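Fold and geometry: a report
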Amino acid sequence: MTVTAIRPDGSREQLGAAVLEDLRAHLRGPVTAPDGADATTEPRVAWNAMHTERPSISTRCTGTADVVDAVGFAREHGLLVGVRGGGHSVAGLSSVADGMLIDLSLMRGVQVDPHRRLAHVQGGALLGDIDRETQAFGLATPLGRVSETGVAGLTLGGGYGHLDTRYGLACDNLVEAQVVLADGRVVTASAEQNPDLFWALRGGGGNFGIVTSFTFRLHPVGPMVAFAGVFYPLEELGRIERGWRSYVLEAPREVTSFIVTTTFPADPDMPDVIHDRPVAIVGAVHCGDVDAGMATLQPLRELGAPLFDMSQPMPYTAVQSAFDPFFPRQTLRAYWKSQYLDELTDDAIDAIAARAANRPSPRSLTNTFHFGGAVHDLGPEETAFAERSAPFMVSFDSMWTDPADDASAIAWTRSAWQEMTRYGNGMPFLNFTGLDDEPLDANVASAFGRNLRRLGKVKAEYDPENFFRLNNNVRPSP
Ligand SMILES: Cc1cc2nc3c(=O)[nH]c(=O)nc-3n(C[C@H](O)[C@H](O)[C@H](O)COP(=O)(O)OP(=O)(O)OC[C@H]3O[C@@H](n4cnc5c(N)ncnc54)[C@H](O)[C@@H]3O)c2cc1C
């Protein structure tokens, strides 16, 4: 059977049975194509239910050698390639319609070197894979807040999480990466080897090659940490967020905190008082001494009269997966957009509160994040990740289930984001950005700022033909 696959210019390549057979003979992992062979093994599905695009061919690689062969095959046949780590791209950047998907979901290995405090992590690992292994040694590296998110996309796009104020972004803790380039070469990127590529990988996204292995620096964390999770009535958000602002600006580096607004479902494991009730949840983690941490977080529990307070010392791994139920895979349609704020003024808070009261669906969120400490220790040009000074970021996350609501849900996020430009600096966080809200180029230029030029040069050196283009794409510019 012949399989048709698309090229980047939209033309189509016919792949005969012998060609696919040859690919299968080379790869250890399964190859799925409409010819039916290996059809029982599908790639990891995309998180956003809006992204159901199907590739013509997908390969589930088992290691670097498979990735090299898959890249070689796509290059030889001129195919449009998508690369999938965790599949959590909100914009669907790891989905490819009719092209070739290189899926890393079988590459989840994590090896901890406790003496050197390093973790070697394969390119398809999820955050929970790392936390599980590193916590066995009382260690952790900064990652994100939902355990099913892919390490690769999160790290390459920066990576905020519960440890960032103390230990920096995920990408700041990357010490080495193994990368399969568009021409099939396998290179190491570190401070010593290919330092320009290493610089670009720390924030520049999936533009430069497929990372098959990450090496992260580890820190002593847990096994218990102090956690605050305080549910206030949404109507009081204005007052709560003003108090929170004062707190976080003075808080020690061990504290990372945010406020999320949502409508909690009628979960029998949660108290009735918050069932189907719009709430503002103040969340925080203190990653140092647990008792001192609980005392430090206490003011966040007294910003008003909580409906429910689940603050307590918690295992770090439990904290890392506490928000998973909000974000089931391939269930919610999603469109998110975020913006940094140099100052969280009263007017900005009132605007956020008004939008939070007017969310398009119960599962939609507004988030206000605080950043500082180690995130700001690096300058904007020390890594490709350029935003190193804004103390706040607001994200409007539409999430809904009925395709008939697509337009209204997307419109809510866009209009809230637009209003926020009065208070923010206009710079988006690319990992939280939905597609098609503006030309992708505009978002990329805004997010990378002065780093875009250097990224273009690195792209020209490592991927001059823009083979890796399904990402927050940087054009090669020698
Ligand atoms: C529910 C949810 C929670 C989130 N929480 C956080 C959070 O707490 N903090 C945060 O910073 N971000 C968070 N994000 C954003 C997240 O970091 C990005 O969506 C990120 O891109 C996800 O990575 P992934 O590997 O799962 O994505 P994928 O969809 O697999 O890929 C995203 C991009 O990375 C490329 N890519 C994937 N794997 C590789 C690889 N091995 N080598 C090279 N390129 C690759 C893809 O081609 C694509 O362009 C969250 C997203 C969701 C949906």
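Definitions and limits used
- Residues numbered from 1 in each chain as written.
- Predicted model: local features only at pLDDT ≥ 70, side-chain atom pairs only at ≥ 80, totals over all residues.
- Heavy atoms only, no water.
- UniProt positions renumbered as here; feature names shortened; annotations may be inferred.
- Helix = DSSP H or I, 4+ residues; strand = E, 2+ residues; numbered from the N terminus.
- Rg over C-alpha atoms; globule rule 2.2 N^0.38 Å.
- Contact = heavy atoms within 4.5 Å.
- Areas by Shrake-Rupley, 256 points an atom, 1.4 Å probe, with all protein chains shown as cover.
- Lys, Arg positive; Asp, Glu negative; His and termini not counted.
- Charge placed at Lys NZ, Arg CZ, Asp CG, Glu CD.
- Pairing = 2+ DSSP bridges.
- Axes fitted to C-alpha atoms, helices over the stretch in contact; angles between N-to-C directions.
- Buried < 20%, exposed > 50% of the residue type's maximum accessible area, 1.4 Å probe, protein only.
- Arc of directions from axis to C-beta.
- Near = heavy atom within 4 Å.
- Polar contact = N/O pair within 3.5 Å; in protein donor to acceptor, adjacent residues only side chain to side chain.
- Phe/Tyr/Trp six-rings, centres within 6.5 Å; stacked < 30°, edge-to-face > 60°.
- Lys NZ or Arg CZ within 6 Å of the ring centre and 35° of its normal.

In the nomenclature of an unreviewed UniProt entry, the chain is known as FAD-binding oxidoreductase of Actinomycetospora endophytica. According to UniProt, the comment filed for the chain under the heading Cofactor (unreviewed entry) is "FAD".

1. Things to note about the overall build of the chain
When helices and strands are counted, the chain shows 13 helices and 21 strands. For 478 residues, the compact-globule estimate of 2.2 N^0.38 gives 23 Å, and the C-alpha radius of gyration of the chain, at 22 Å, lies within 12% of that figure. Dimensions of the chain, computed from the C-alpha atoms along their principal axes, are close to 70 × 55 × 45 Å. By sequence separation, contacts in the chain at least 24 residues apart represent 73% of the contacts at least 6 residues apart. Within the structure as shown, the chain displays about 17800 Å² of accessible surface, and the carbon and sulfur contribution to it stands at 50%. Within the chain, one finds 40 positive and 59 negative side-chain charges whose respective centroids are separated by 3 Å.

2. Let's talk about the UniProt feature "domain: FAD-binding PCMH-type" (unreviewed entry) in the chain
Those residues carrying the UniProt feature "domain: FAD-binding PCMH-type" (unreviewed entry) are residues 50-221 in this numbering. Helix makes up 23% of residues 50-221 and strand 26%, whereas the separation of the span's terminal C-alpha atoms amounts to 37 Å.

3. Considering the sheet that holds strand β10 (residues 174-180)
Overall, antiparallel pairing links the five strands, which are arranged β7-β8-β12-β10-β11 in an open sheet. The open sheet has two edge strands, β7 (110-113) and β11 (186-190), and neither has a second partner. Neighbouring strand axes in the sheet, compared pairwise and without regard to direction, differ in orientation by 15 degrees on average. Sheet analysis places β10 next to strand β12 (residues 210-217), joined by six bridges and oriented antiparallel. By the bridge assignment for β12, Leu-174 is matched with Phe-216. This element, helix α2 (residues 64-77), spans β10, β11 and β12 of the sheet and lies at about 45 degrees to β10. Contacts from helix α3 (residues 127-135) reach β7, β8 (118-122) and β12, with the element oriented near 35 degrees to β7.

4. Looking at the pairing of strand β20 (residues 365-370)
The element β20 is extensively covered by neighbouring structure, given that six of its six residues are classed as buried. Residues of β20 alternate between two faces, with Leu-365, Asn-367 and Phe-369 on one and Thr-366, Thr-368 and His-370 on the opposite face, all of them buried. As defined by bridge partners, strand β15 (residues 255-264) adjoins β20 across four bridges and the pair is classed as antiparallel. Residue pairing for β20: Val-260 is matched across the bridge by Asn-367. In the sheet, β20 pairs with strand β21 (residues 392-400) via six bridges, with the strands oriented antiparallel.

5. Thoughts on helix α12 (residues 440-448)
Within the span of α12, buried status applies to Asn-443, Val-444, Ala-447 and Phe-448. All buried residues of α12 lie within an arc of 110 degrees about the axis, which places them on one face of the element. If you follow the buried residues of α12, they end up packed against β19 (333-341) and α13 (451-462). Just downstream of α12, Gly-449 is the residue with a positive phi angle, here 50 degrees.

6. Points about the site of the ligand
Among the 34 residues in the neighbourhood of the ligand, the closest are listed as Val-83, Gly-85, Gly-87, Ser-94 and Tyr-160. Within the contact set of the ligand, an oxygen atom lies 2.9 Å away from a backbone nitrogen or oxygen of His-88. Ser-89 is positioned such that a nitrogen or oxygen atom in its backbone is 2.9 Å from an oxygen atom of the ligand. Burial of the ligand by the protein chains amounts to 96% of its free accessible area of 960 Å². At the level of elements, β5 (81-84), α4 (151-156) and β12 are the ones that each hand at least two residues to the shell around the ligand.

7. Overview of the packing of aromatic side chains
Throughout the structure, instances matching the rule amount to 23 aromatic pairs. Ring centres of Trp-47 and Trp-336 lie 5.6 Å apart, and the angle between their planes is 70 degrees; on these two criteria the pair is classed as edge-to-face. Taken together, the residues span a long stretch of sequence, with Trp-47 in the loop between β3 (31-32) and β4 (57-60) and Trp-336 in strand β19 at a distance of 289 residues. Accessibility expressed as a relative area gives 2% for Trp-47, which makes it buried. A relative accessible area of 9% means that Trp-336 is categorised as buried. Across from the ring centre of Phe-198, 3.9 Å away, lies the NZ or CZ of Arg-202, which sits over that ring.

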